[in-house]
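An overview of the molecular structure
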Amino acid sequence: MRTQVGIIGAGPAGLLLAHLLHRAGIDSVILEQKSRPYIEGRIRAGLLEQGSVETLTEAGLGERLHREGLVHDGLELRCDDMAERIDLHGLTGRRVTIYGQQEAVKDMVAARLATGRPLHFEVEDTQLHDIATDQPRITWTDQHGERHELRCDVIAGCDGFHGPSRAAMPAEVLRVYERVYPFAWLGILAEASPVSHELIYARHEEGFALATMRSARLSRLYLQCAPDEDLNEWPDARIWEHLHRRLGRVNEGPILQKGVTAMRSFVAEPMRHGRLFLAGDAAHIVPPTGAKGMNLAVADVRVLAAALADFYRGRGTGLMDRYSEICLRRIWKVQRFSWWMTAMLHRFSAEDAFEHRVQTAELHYVMQSQAMRTALAEQYVGLPYEV
Ligand code: RFL
Ligand code: PHB
């Protein structure tokens, strides 16, 4: 089998890349380890920067997003008994949209299947070969145990944090930067109307809490918890009790899903080796406090799609050669923002009284200073794209 771009992973990064390439007349094959129902049901991120919404819209993927997405002009920060609305739109002229990642994935899977181009689910033992040559290959085993080979010009490693692409880069060229936080988020999806029509980020003595949503009748709520938290110790009543304490009144309803998400900051540099390009979580992870994971994946893919379009149109490899450098400039700014939001809003276990006071002072300063609110807002709605 042969194609121009072999894409490993059908998450937001791989699916959007395939779609942008198709629109530019570039052929691709997508290989995905999980089943279609699995990737369409996986509950993860929910908040899109205005630039991500514009990217999806320009790519013809915005129809349901505009119908069902919830457009937000602001958010609320809380600290003890203080509360402050950050007027995102008033401060930046831009907005954010709540639209579940799995909904965006459903839209992109449907768009891919409509093109008739290959999207193989449930592939196993995916391996990358000859990535330093201009004829790289991918091999895998299908559901029936048959082995396949895909020859391509370029491999896009869009296979998330645990995929094989980053691991295929020689250890001596890869540099990794990492921070693992001493806490995690316990997240629930509940059949209950959101208590506020905007998001509430709350810092509390007992730990951080976030009230977000998926629709007018579905609340998504998060609580800071231990990284090794045992969900069996969190019956519904205990979750609601903590949410009420940390967020004040929240509307209760049947809990449809519960999960614990570990928190880490991670960057692998460079994002390219030979003909292998990493995009999205395969190259970087941010803690979810800044709501940036999926947005960064979209930003990487915009650059990669433009670089590949240049390459196939005979405009050379200039943009391909600068791919890693361009992406990393944004990634490090977003890493800094996500780390800052996380550090300001969470309770650190080994926190001393001094640090706690400084953290509280910082949050109060952000709430009271227009300059700080503007800085938060312009990063939250999304920094401008370079490409
Ligand atoms: P994805 O979505 O992980 O997609 C990678 C895809 O690659 C597939 N794959 C393979 N395919 C073939 N062969 C292999 N050997 C493969 N190995 C893996 C996987 O099955 C998968 O389908 O990465 P992508 O496209 O880069 O998109 C990034 C976003 O998904 C991610 O940044 C965010 O969802 C992060 N994230 C969150 N971000 C937020 O902003 N807010 C959140 O609330 C939030 N919650 C989350 C999250 C990530 C989570 N993960 C990764 C465990 C909650 C969770 C649980
Ligand atoms: C979500 O809606 O799941 C969400 C929103 C904002 C965040 C994290 C998660 O910072």
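Whatever comes next refers back to the structure up there.
So, how was this worked out
Residues numbered from 1 in each chain as written. Chains lettered and ligands numbered in written order. Predicted model: local features only at pLDDT ≥ 70, side-chain atom pairs only at ≥ 80, totals over all residues. Heavy atoms only, no water. Near = heavy atom within 4 Å. Polar contact = N/O pair within 3.5 Å; in protein donor to acceptor, adjacent residues only side chain to side chain. Areas by Shrake-Rupley, 256 points an atom, 1.4 Å probe, with all protein chains shown as cover. Helix = DSSP H or I, 4+ residues; strand = E, 2+ residues; numbered from the N terminus. Nonpolar A, V, L, I, M, F, W, Y, C, P; charged D, E, K, R; others polar. Core = buried A, V, L, I, M, F, W, Y, C linked by side-chain atoms within 4.5 Å. Buried < 20%, exposed > 50% of the residue type's maximum accessible area, 1.4 Å probe, protein only. Pairing = 2+ DSSP bridges. Axes fitted to C-alpha atoms, helices over the stretch in contact; angles between N-to-C directions.

Y201, T212, R214, Y222 and P288 are the nearest of the 13 residues found near ligand 2. Separating an oxygen atom of ligand 2 from a side-chain N or O atom of Y201 is a distance of 2.8 Å. In the environment of ligand 2, an oxygen atom lies 2.9 Å from a nitrogen or oxygen atom belonging to the backbone of P288. Its free accessible area being 280 Å², ligand 2 has 97% of it covered by the protein chains. Of all the secondary structure elements, the ones that give two or more residues to the shell around ligand 2 are strand 14 (199-203) and strand 15 (209-215). The element contributing the most residues to the shell around ligand 2 is strand 15, with three residues. Looking at the shell around ligand 2 residue by residue, the class counts come to eight nonpolar, three polar and two charged.

With that settled, consider the site of ligand 1. Taken together, the neighbourhood of ligand 1 is formed by 31 residues, with E32, R42, Q101, T126 and D281 sitting nearest. A distance of 2.9 Å separates an oxygen atom of ligand 1 from a polar atom in the backbone of A13. At 2.6 Å from an oxygen atom of ligand 1 is found a side-chain nitrogen or oxygen belonging to E32. Here ligand 1 has 1000 Å² of accessible area as a free molecule, and 84% of this is covered by the chains. Breaking the shell around ligand 1 down by element, the ones donating at least two residues are helix 1 (12-23) and helix 9 (293-312).

Side chains that are nonpolar tend, in soluble globular proteins, to be buried together. Counting residues in each nonpolar core, the largest one holds 69 residues, and the members touching the most others are V5, I7, L15, L16, L17, I155 and Y323. Looking at this core, the element that brings in the most residues is helix 9, giving 11 residues. Residues L75, C79, Y181 and L363 belong to the second largest nonpolar core, which totals 32 residues.

Below, the discussion takes up the sheet that holds strand 10 (residues 137-141). Reading across from one edge, 9-10-11 is the order of the three strands in this open sheet, with antiparallel pairing throughout. Each end of this open sheet is capped by a strand with a single partner; those strands are strand 9 (124-129) and strand 11 (147-151). Each adjacent strand pair in this sheet contributes to an overall mean axis angle of 15°, direction not counted. Bridging between strand 9 and strand 10 involves four bridges; their strand directions are antiparallel. Note on strand 10: the bridge partner recorded for L128 is I138.

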